[in-house]
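# Structural overview
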Amino acid sequence: APASLPARHLFSDPAEVEALRGNLLAWYDRCKRDLPWRALAATEPDADRRGYAVWVSEVMLQQTQVATVINYYNRWMQKWPTLQALAQASLEEVNELWAGLGYYSRGKRLQEAARKVVSELAGRMPRTAEDLQKLLPGVGRYTAGAIASISYGQATGVVDGNVIRVLCRLRCIGADSSSPAVIDQIWDMANVLVDRRRPGDFNQALMELGATVCVPKAPMCRECPVKQHCQAWRRNLLGKLPPVPDVEDCGVGDCPLCPPATEPWDSSLGVTNFPRKAAKKPPRAMRTATCVLERRGCQGAPEYLIVQRPSSGLLAGLWEFPSLPLAQDLQEEKEREELADHLQAWTGQPVAAKGLQFIGEVIHIFSHIHQTYVVYSLHLDGDVTLDPALSPSRWVTEDEFHTSAVSTAMKKV
């Protein structure tokens, strides 16, 4: 850490570090949640299976809540209990199981990396965070650190959103927590703090604290096992910065970790003054015309046409009803005409714009897109031959639709 940083932003006292580790691990042993990947990592004797189990959980937990992940994780591990099993699966199977979990490229990258382990690394998982990040596509610094510490006992820190929040509060870091300088400092802190004897448990304890106690809003500070080490907690109690012996307090505007002078401490917020983040860009608005094409199947039940999205980009490789991006200010009549022209390519026959039945609009929020689906339906009489030169397409029953690799947005449609 830079020598110029005030002591209150650092973990420089070995006795305090040791006390913090002990308090946090004792709390974790008493209070940790019973989660399937923790149980598997704790009981699996085979190192590669253990690493794989942790890897799958960490990838699923990126951007997704624990409660949502549990069922997906259990189904995944039942279907593909080993790296070798996953490497033999098709991308279509992976997408089908992942459907509804969001951020679909995660499943694709996980499978690609599993195939690399099997084909190029003799089925053996890398054992260190450095090798995991270097050798496995899609494995970043956080995931590599989690796998290495939890599965293989490497004393390396991890930094996710929960850890950022906890450490920013522990050390009153009020600069933009997404900035490279702050992130680098948080990683340094995490590597200083990690318990050398129980690195995996310590890292999980730090994340667990952020997920269950040191939460973004209304944190349960009185139940926090490390509150006596928390500068934000002490500042909230005192109403001012705690004194630090022999070290001058931060000067206004020249400490890279303090809140900017334009955003002083707000006593009404308490510890939730930290962390501070730059204002998010609002998601861009998009409109898409979508048509549910229906025909009578050979068994008499209705069937619906779904087509596969491109192999890259948003919702890559997933299936959807025929859809067409629209200009924001398009009039309904023009909207129908453009969709009718688009559908003609799929049906191989003219489609009358006036034959499209407007059903309604469906709004779905992606992380960076506010998507509005303008939904139409069209019933087709007679046989329709699909053009094999176009993207893959197929007719499905309603039950088959729900078991296909379709997004949550299409299920809403």
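- For the protein chain, the name recorded in an unreviewed UniProt entry is Adenine DNA glycosylase, with Anthoscopus minutus as its organism.
- A UniProt comment under Sequence similarities (unreviewed entry) is attached to the protein chain, and it reads "Belongs to the Nth/MutY family."
- The UniProt entry for the protein chain carries this comment under Catalytic activity (unreviewed entry): "Hydrolyzes free adenine bases from 7,8-dihydro-8-oxoguanine:adenine mismatched double-stranded DNA, leaving an apurinic site."

## Examining the overall build of the protein chain
- When you go through the protein chain residue by residue, the secondary structure sums to 16 helices and seven strands.
- Expressed as lengths along the three principal axes of its C-alpha atoms, the size of the protein chain is roughly 85 × 50 × 35 Å.
- By residue count, 49% of the 413 residues in the protein chain fall in the buried class.
- Of the contacts made within the protein chain by residues no fewer than 6 positions apart, 67% connect residues no fewer than 24 positions apart.
- Accessible surface for the protein chain amounts to roughly 20100 Å². Of this, 51% is attributable to carbon and sulfur atoms.
- Taking the average location of the 46 positive side-chain charges in the protein chain and that of its 47 negative ones, the two points are 6 Å from each other.

## Remarks on the side chain of R165
- Along the chain, the position of R165 falls in helix α10 (residues 161-170).
- At 7.3 Å, D160 is the nearest oppositely charged side chain to R165, a buried residue that forms no salt bridge.
- A distance of 2.7 Å separates a polar atom in the side chain of R165 from the backbone oxygen of C214.
- Filtering out sequence-adjacent residues up to four positions away, R165 remains in contact with G210, A211, C214, V215, P216 and P275.

## Focus: the confidence of the model for the protein chain
- Averaged over all residues, the pLDDT of the protein chain is 89; the fraction at 70 or higher stands at 92%.
- Under a pLDDT of 50 for its full length, residues 242-248 has, in the predicted model, nine contacts with residues more than four places off or in other chains.

## Comments concerning the domain arrangement of the protein chain
- As assigned here, the protein chain comprises domain 1 (7-213) and domain 2 (284-403).
- For domain 1 versus domain 2, the distance between C-alpha centres works out to 39 Å.
- Overall, the association of domain 1 and domain 2 removes approximately 560 Å² of surface from exposure, summing both partners, and the carbon and sulfur fraction of that is 46%.
- Taken as a group, E92, N95 and Y104 account for 63% of the area that domain 1 buries against domain 2, more than any other trio of residues on that side.
- Counting every contact that joins domain 1 to domain 2 gives one salt bridge.
- Close ionic contact of R394 with E92 constitutes a salt bridge, the shortest N to O distance being 3.9 Å.
- Between the two partners, domain 1 and domain 2, sit two residue pairs in polar contact (both at pLDDT 80 or more).
- Take the side of domain 1 that touches domain 2: its biggest share by element is three residues, from helix α6 (residues 91-98).

## Section: the UniProt feature "domain: HhH-GPD" (unreviewed entry) in the protein chain
- Mapped onto this numbering, the UniProt entry annotates "domain: HhH-GPD" (unreviewed entry) at residues 60-212.
- Annotation note: span residues 60-212, helix share 67%, strand share 0%, distance between end C-alpha atoms 19 Å.

## Considerations on the pattern of salt bridges
- Applying the stated criterion across every chain yields a total of 16 salt bridges.
- Here K134 ties to D131 by a salt bridge, and the two come within 3.8 Å at their closest N and O atoms. One end of the pair is K134 and the other is D131, both in helix α8 (residues 129-135) and three residues apart, which spans about a single turn.
- Two residues, R287 and E335, come together in a salt bridge whose shortest N-O distance is 3.3 Å. On the criterion of sequence distance, the pair formed by R287 in strand β1 (residues 284-296) and E335 in helix α14 (residues 332-347) is long-range, its members being 48 residues apart.
- Judged by relative accessible area, which is 4%, E335 ranks as buried.
- Through salt bridges with shared partners, a single network forms among E18, R21, D195 and R197.

## Some words on the packing of aromatic side chains
- Applying the stated criterion across every chain, the model contains five aromatic pairs.
- Plain terms: the ring middles of F321 and F401 are 5.0 Å apart, the flat faces sit at 10° to each other, and that makes the pair stacked. Of this pair, F321 sits in the loop between β3 (319-320) and β4 (323-326) while F401 is found in helix α15 (residues 398-403), placing the two residues 80 residues apart along the sequence. As far as the burial class goes, F321 and F401 line up, both buried.

## A closer look at the environment of S105
- Relative to the elements of secondary structure, S105 occurs in helix α7 (residues 105-120).
- Along the chain, S105 and D266 lie 161 residues apart, while their C-alpha atoms are 40 Å from each other.

## Examining the pairing of β1
- Here β1 runs beside strand β6 (residues 369-379); their pairing, made up of eleven bridges, is parallel. Bridge assignment links L293 to a residue of β6, and that residue is L378.
- Pairing geometry for β1 and β4, over four bridges, is antiparallel. Looking at β4, one finds that A289 is bridged to L324.
- The pairing of β1 with strand β2 (residues 302-308) spans three bridges and is antiparallel.

Procedures and definitions
Residues numbered from 1 in each chain as written. Predicted model: local features only at pLDDT ≥ 70, side-chain atom pairs only at ≥ 80, totals over all residues. Heavy atoms only, no water. UniProt positions renumbered as here; feature names shortened; annotations may be inferred. Helix = DSSP H or I, 4+ residues; strand = E, 2+ residues; numbered from the N terminus. Buried < 20%, exposed > 50% of the residue type's maximum accessible area, 1.4 Å probe, protein only. Contact = heavy atoms within 4.5 Å. Areas by Shrake-Rupley, 256 points an atom, 1.4 Å probe, with all protein chains shown as cover. Lys, Arg positive; Asp, Glu negative; His and termini not counted. Charge placed at Lys NZ, Arg CZ, Asp CG, Glu CD. Salt bridge = Lys/Arg side-chain N within 4 Å of Asp/Glu carboxyl O. Polar contact = N/O pair within 3.5 Å; in protein donor to acceptor, adjacent residues only side chain to side chain. pLDDT = per-residue confidence, 0-100. Domains from an automatic or database assignment. Buried area = accessible area lost by both parts, 1.4 Å probe. Phe/Tyr/Trp six-rings, centres within 6.5 Å; stacked < 30°, edge-to-face > 60°. Pairing = 2+ DSSP bridges.

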